[in-house]
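# Results of the structural survey
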Amino acid sequence: DWSSDVCSSDLVTIAAQAHQEVPFELVVETLQPERRTNYTPLFQVWFVWHQRVMPVIEQHGLRFSPVEIEIEAAQFDLTLTMSEVEGKIRAGFIYSTELFKEVTIKQMIGHYTQLLEKVITHTQCGILDIPLDHEEHALESQMLASGAPV
């Protein structure tokens, strides 16, 4: 039963959200990480869950609705954005083309989809005990360790 793992991550998430108003610049200033021009100082991967979708608003004869914007440049090495829209989970990856090839991102999408499917079907075991295909992941880990775009 991985409910204890979820509860633990829920507590961490709630604690983090309690401090979400702290400006990122203040966090960086306080931690004073080593700075380099080729990556952000604290993390390279960003996960975004949009809790709610913006509604269409109509006022004074004007209609305001959300618009999806195509992002031209990745801010981080890899970003995964997810949200629930009309009962379905939507996801999108934004990635550095200097680090990743499109085929690699498509593989990541497939692996992530498989992982989510296994989480749904293996609810009685711990999240770390969910069986994964390790042979394929071992090869990908070797490729990533080489430093070449994957």
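Since the model is a prediction, treat every value here as computed from it, not as a measurement.

## As for the overall build of the protein chain
For the protein chain, the count of helices and strands is four helices and five strands. Taken from the N to the C terminus, the helices and strands of the protein chain come in the order α-α-β-β-β-β-β-α-α. When the 150 residues of the protein chain are sorted by exposure, 15% land in the buried category. Of the roughly 12500 Å² of accessible surface on the protein chain, 57% is carried by carbon and sulfur atoms.

## Some thoughts on the pattern of salt bridges
Going through the model one piece at a time under the given rule, you end up with two salt bridges. The salt bridge involving Glu-58 is made with Arg-63; its shortest N-O contact spans 3.4 Å. The exposure class assigned to Arg-63 is exposed, which follows from its relative accessible area of 58%. Put simply, Lys-106 and Glu-102 hold a salt bridge, and the shortest N to O gap is 3.4 Å. Of this pair, Lys-106 and Glu-102 both sit in helix α3 (residues 102-121), four residues apart, which is roughly one turn of that helix.

## Examining the pairing of strand β4 (residues 78-85)
Note that strand β1 (residues 45-50) and β4 share six bridges and pair parallel. Within β4, the position partnered with Val-48 by the bridge is Thr-81. Note that β4 and strand β5 (residues 88-95) share eight bridges and pair antiparallel. Bridging across to β5, Ser-83 finds its partner in Arg-90. Turn length for the β4-β5 hairpin, with the two strands adjacent in sequence and antiparallel, is two residues, and the turn residue Glu-86 shows positive phi of about 50°.

## So, the sheet that holds β4
On the basis of which strands lie adjacent, the open sheet formed by three strands has the order β1-β4-β5 and mixed pairing. Lying at the two open borders of the sheet, with one neighbouring strand each, are β1 and β5. Strand-to-strand twist across the sheet, computed as the mean angle between neighbouring axes with direction ignored, equals 15°.

## Let's talk about the environment of Leu-80
Examined against the element boundaries, Leu-80 turns out to sit in strand β4. It is 6.2 Å that separates the C-alpha atoms of Leu-80 and Val-48, two residues lying 32 residues apart in sequence. Apart from residues lying up to four places away in sequence, Leu-80 is in contact with Trp-46, Phe-47, Val-48, Ala-91, Gly-92, Phe-93 and Tyr-112.

## Observations regarding the packing of aromatic side chains
All told, the structure shown has three aromatic pairs when counted by the stated rule. Arranged with centres 5.0 Å apart and planes meeting at 35°, the rings of Phe-43 and Phe-76 form a pair that is tilted. Taken as a pair, Phe-43 in the loop between α2 (24-31) and β1 and Phe-76 in the loop between β3 (62-64) and β4 lie far apart in primary sequence, 33 residues in all. In terms of burial, Phe-43 and Phe-76 fall into one category: buried.

Criteria and cut-off values
Residues numbered from 1 in each chain as written. Predicted model: local features only at pLDDT ≥ 70, side-chain atom pairs only at ≥ 80, totals over all residues. Heavy atoms only, no water. Helix = DSSP H or I, 4+ residues; strand = E, 2+ residues; numbered from the N terminus. Buried < 20%, exposed > 50% of the residue type's maximum accessible area, 1.4 Å probe, protein only. Areas by Shrake-Rupley, 256 points an atom, 1.4 Å probe, with all protein chains shown as cover. Salt bridge = Lys/Arg side-chain N within 4 Å of Asp/Glu carboxyl O. Pairing = 2+ DSSP bridges. Axes fitted to C-alpha atoms, helices over the stretch in contact; angles between N-to-C directions. Contact = heavy atoms within 4.5 Å. Phe/Tyr/Trp six-rings, centres within 6.5 Å; stacked < 30°, edge-to-face > 60°.

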